[in-house]
Amino acid sequence: MSLLDVLRFAGTALVGHRLRTGLSLLGVAVGVAAVILLTSLGEGARRYVTGEFALMGSNLLIVVPGKTETTGTLPLVGGTTHDLTLADVEALERRVSGVVRAAGLTVGSATARAGELSRDVTVAGTTAEWKPLRRLTLRAGQFLPAGRPEEAPRVCVVGARVASELFPGRNPLGELLRLGDERFRVIGVLTARGVSLGLDLDEVVLVPAVQALRMFDRTSLFRVLVEMRHPADLAPGKTSVLHVLKERHGGEEDVTVFTQDAVVSTLGTILGMLTLVLGGIAAVSLAVAGVGIMNVMLVSVSERTREVGLLLALGAARRQVLRLFLAEAALLSTAGGAAGLLIGLGGARAVRALFPAFPVAPPAWAVAAAVALSVAVGLVFGVLPARQAARLEPVAALARR
Amino acid sequence: MIRLEGVTRTYEVGGRPVHALAGVDLEVAGGEYVSIMGPSGSGKSTLLSILGCLDRPTGGTYRLRGADVGRLGEDELARVRRNDVGFVFQSFHLVPRLTALENVELPMVLAGLPRAERTRRAEAALGAVGLADRAPHRPEQLSGGERQRVCIARAVVLRPSILLADEPTGNLDSASGNEVIGLLESLNREGLTLLVVTHDEAIGRRARRRVRLLDGRVVGTAPEGAP
Ligand SMILES: Nc1ncnc2c1ncn2[C@@H]1O[C@H](COP(=O)(O)OP(=O)(O)O)[C@@H](O)[C@H]1O
Ligand SMILES: [Mg+2]
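The notes below deal with the structure included here. Just so we're clear, the structure is a prediction, and the values are computed from it rather than from any experiment.

Some thoughts on the interface of chain A and chain B
- With 23 residues of chain A at the contact, the number on the chain B side is 23 residues.
- At the boundary of chain A with chain B, total buried surface from both sides reaches about 2200 Å², with 59% on carbon and sulfur atoms.
- The largest per-residue losses of area from chain A upon contact with chain B belong to A:Leu310, A:Leu314 and A:Val395, which jointly make up 24% of the total buried on that side.
- At the junction of chain A with chain B, the criterion picks out four salt bridges.

A closer look at a positive patch on the surface
- On the surface, A:Arg113, A:Arg178, A:Arg183 and A:Arg185 cluster together into a patch of positive charge.
- Here A:Arg185 lies in strand 7 (residues 182-190).

Digging into unusual backbone geometry
Residue and element names in this part refer to chain B.
- The phi torsion at Arg 65 lies on the positive side, around 50°, for a residue other than glycine.
- Here Arg 65 shows up in the loop between strand 4 (59-64) and strand 5 (67-68).
- For Glu 167, which is not glycine, the phi torsion reads 45° and is therefore positive.
- Positionally, Glu 167 belongs in the loop between strand 7 (162-166) and helix 6 (174-189).
- A relative accessible area of 13% places Glu 167 in the buried class.

Quick notes on the site of ligand 1
Residues and elements named next belong to chain B.
- Neighbouring ligand 1 are the residues Tyr 11, Val 13, Ala 20, Pro 39, Ser 40, Gly 41, Ser 42, Gly 43, Lys 44, Ser 45 and Thr 46.
- Contacts to ligand 1 include Gly 41, whose backbone N or O atom sits 2.8 Å from an oxygen atom.
- The contact in question runs from an oxygen atom of ligand 1 to an N or O atom on the backbone of Ser 42, over 3.3 Å.
- Its free accessible area being 570 Å², ligand 1 has 61% of it covered by the protein chains.
- With three residues, helix 1 (residues 44-51) is the single largest residue contributor to the shell around ligand 1.
- Class assignment for the residues of the shell around ligand 1 results in four nonpolar, six polar and one charged.

As for the pairing of strand 9 (residues 209-214) of chain B
All names here are of chain B.
- Judged from the four bridges that link them, strand 3 (residues 33-37) and strand 9 form a sheet pairing that is parallel. Across the sheet, Met 37 pairs through a bridge with Arg 212, a residue of strand 9.
- Here strand 9 hands over to strand 10 (residues 217-222) after two residues, with Asp 215 in that stretch at a positive phi of 50°.

Brief notes about the side chain of B:Asp68
All names here are of chain B.
- Mapped onto the elements, Asp 68 comes out in strand 5.
- At a separation of 3.0 Å, a polar atom in the side chain of Asp 68 contacts the main-chain amide nitrogen of Gly 70.
- Not counting the four nearest positions on each side in its chain, Asp 68 is found in contact with Thr 61, Tyr 62 and Arg 63.

A closer look at the sheet that holds strand 5 of chain B
Residue and element names in this part refer to chain B.
- Spatial strand order, 2-1-4-5: four strands in an open sheet with antiparallel pairing. Looking along the sheet, the strands with just one partner apiece sit at the ends: strand 2 (16-28) and strand 5.
- As defined by bridge partners, strand 1 (residues 2-13) adjoins strand 4 across five bridges and the pair is classed as antiparallel. Along strand 4, the bridge assignment pairs Leu 4 with Tyr 62.

Comments concerning a nonpolar patch on the surface
Residues and elements named next belong to chain A.
- Where nonpolar side chains cluster on the molecular surface, the patch consists of Leu 19, Leu 23, Leu 26 and Val 30 and spans about 420 Å² of accessible area.
- Residue placement: Val 30 occurs in helix 2 (residues 18-56).
- Judged by its relative accessible area of 48%, Val 30 falls in the partly exposed class.

With respect to the nonpolar core
- If you look at the biggest cluster of nonpolar residues, it comprises 70 residues, and the most contacted ones within it are B:Leu47, B:Leu51, B:Tyr62 and B:Leu195.
- Take this core: its biggest share by element is seven residues, from helix 8 (residues 260-303) of chain A.
- When residues no more than four places from it in sequence are discounted, the contact partners of B:Leu51 are B:Ile2, B:Leu4, B:Tyr62, B:Leu164 and B:Leu195.
- B:Leu94, B:Ala125, B:Leu142 and B:Ile181 belong to the second largest nonpolar core, which has 37 residues in total.

Quick look at the sheet that holds strand 8 (residues 193-197) of chain B
Residue and element names in this part refer to chain B.
- An order of 6-7-8-3-9-10 is seen for the six strands of this open sheet, with the pairing classed as mixed. In the strand order of this sheet, the two ends are held by strand 6 (85-88) and strand 10, each with one partner. Here the average twist between neighbouring strands, direction ignored, is 20°.
- This element, helix 1, spans strand 3, strand 6, strand 7, strand 8 and strand 9 of the sheet and lies at about 155° to strand 7.
- Running at roughly 155° to strand 8, helix 6 makes contact with strand 3, strand 7 and strand 8 of the sheet.

A few points about the packing of helix 9 (residues 305-313) of chain A against helix 10 (residues 318-354) of chain A
All names here are of chain A.
- As a packed pair, helix 9 and helix 10 sit with axes 10 Å apart at the nearest point and diverge in direction by 140°. Judged by the angle between their axes, helix 9 and helix 10 are oblique. The way helix 9 lies across helix 10 gives a crossing that is right-handed. Contacts between helix 9 and helix 10 pair Val 308, Leu 311 and Leu 312 from the former with Arg 318, Val 321, Leu 324 and Phe 325 from the latter.

Calculation rules
Residues numbered from 1 in each chain as written. Chains lettered and ligands numbered in written order. Predicted model: local features only at pLDDT ≥ 70, side-chain atom pairs only at ≥ 80, totals over all residues. Heavy atoms only, no water. Contact = heavy atoms within 4.5 Å. Buried area = accessible area lost by both parts, 1.4 Å probe. Salt bridge = Lys/Arg side-chain N within 4 Å of Asp/Glu carboxyl O. Patch = residues over 30% accessible without salt bridge, like charges linked within 9 Å, V, L, I, M, F, W, Y side chains within 5 Å. Areas by Shrake-Rupley, 256 points an atom, 1.4 Å probe, with all protein chains shown as cover. Lys, Arg positive; Asp, Glu negative; His and termini not counted. Charge placed at Lys NZ, Arg CZ, Asp CG, Glu CD. Helix = DSSP H or I, 4+ residues; strand = E, 2+ residues; numbered from the N terminus. Buried < 20%, exposed > 50% of the residue type's maximum accessible area, 1.4 Å probe, protein only. Near = heavy atom within 4 Å. Polar contact = N/O pair within 3.5 Å; in protein donor to acceptor, adjacent residues only side chain to side chain. Nonpolar A, V, L, I, M, F, W, Y, C, P; charged D, E, K, R; others polar. Pairing = 2+ DSSP bridges. Core = buried A, V, L, I, M, F, W, Y, C linked by side-chain atoms within 4.5 Å. Axes fitted to C-alpha atoms, helices over the stretch in contact; angles between N-to-C directions. Parallel < 35°, antiparallel > 145°, perpendicular 65-115°, else oblique. Left-handed = near helix turned anticlockwise from the far one by under 90°.

Spelled out as structure tokens, the structure:
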């Protein structure tokens, strides 16, 4: 009996029970679609996060004031914690080898006014280095000027939405913008980019760090970002940063340095795990679908006991009967798997169309695993009913009412 | 062709033995036409099942063309059922979702014959039982007599040497019953060994040889012409 004949015969049995076949098919389809969709979302989240970090710039060291012990989150304060200053940033650029650039950052919020119009904005104080460091681009004008940060002029660069809302229909370049009590001349407009690393770059006003510190009455920077030339420079760079700052802060190690790749890879690992867990949960639904198939096949075998008797009387070997019912289960799960594949891939595509910023993508391994699993589910859960059919005694099977 | 010696078939029911066949001796030559009669429960169906290798004796020996069936393995028994024996049942046993043609093809599908040959032979077999025009009909679209003729076509399509019919007219009116019997007899005239189990004395008397069963034993065989 050829494989084609086996499949054809099994197919007629399935087509004969449309509703039952459809429902168990649906079970498998939902399982496969769930695996594909959930892993797509997990993979999307991973890509989104790592993509965000890539935009921030690679090979970064992030310096945060305060010492974070690995065992706790409270900064361990030995005496006074020294401020992280613009002079520190300059010293790092000068003294740590392998540094491309470093930029300090301080962040606060303020009300921005231009003429009659006003809105709340996030004020980020930084230096010229921040532009290449964060891979920023300008729509118009120029970025904060380079030069001695202590002598920076009162100029600002505004986010895209700030520009359009405070200067509607006008060119903001050269206009004055009031932040609190201070006035800044607009010299540049950022290209719209949306939220990046928790900061909405469209709602931001960038001013020289020294002005922001004075405005918010602060003495310490919020962060210092140090870009290294090469990934291999990160580890020695970290040691060197700690060393330089310790020396400048009176022998006290009062800052914490993260490497960006460590953050990314940790997040990547966590999100990869998440994807796996989501896929695993979805796979459970496939197992449930398998039990459904087993159920349907058991019903099918008991309903068709007389047919099995006939097949045996017509000269079928028990092996053939086994194969026929196994093929039926496999057909069910394979067809369900194919339907689930279409639903899952279509769903992922729909999510991507609805949320273009979120890179939903079905991972190839998950697609392959879901399809392979659905076929395996049919075979594994089809074995018991098929064996039951193959074990029937011909006379008893024929006599069954 | 067929030789039974002291064949028994015992079932255990609630720990007690039930002797469906209690020692049957029977010899049937090739090409014979034998009717098997007896009251309900006398073991007629059991005997037919054993003759057709659907069941095995619990005692005694059954030789089919010299081969001891008791010693054959599962696969060899399946081959005997496929190639040497054809069955016709009282309740037809047609696969309801398949057409008449596909039902007749079924034994050839199991035997692994190529598709073209299957169709050709199934069409010829249906034609031989006068149902060429019913090939695409499903069993529910056929009358009882037509169904039984499809079953006969299916039983002989692989050219077995023995045809076993268990009350083939039991579910038919007398007109179509006579048609079916006539068809079986014409196959017998072409050389097929025919054994028919029946309740109907008139049908039983048509056979050249009658075997009478009672309580699992042969109580008489009558040759042609005897009362
Ligand atoms: N599977 C079985 N289990 C127990 N007893 C059975 C079984 N099959 C048949 N019998 C018994 O064997 C005897 C013969 O049955 P059967 O050959 O079907 O009789 P007939 O066909 O002559 O009516 C009956 O008494 C019946 O009850
Ligand atoms: Mg009977």
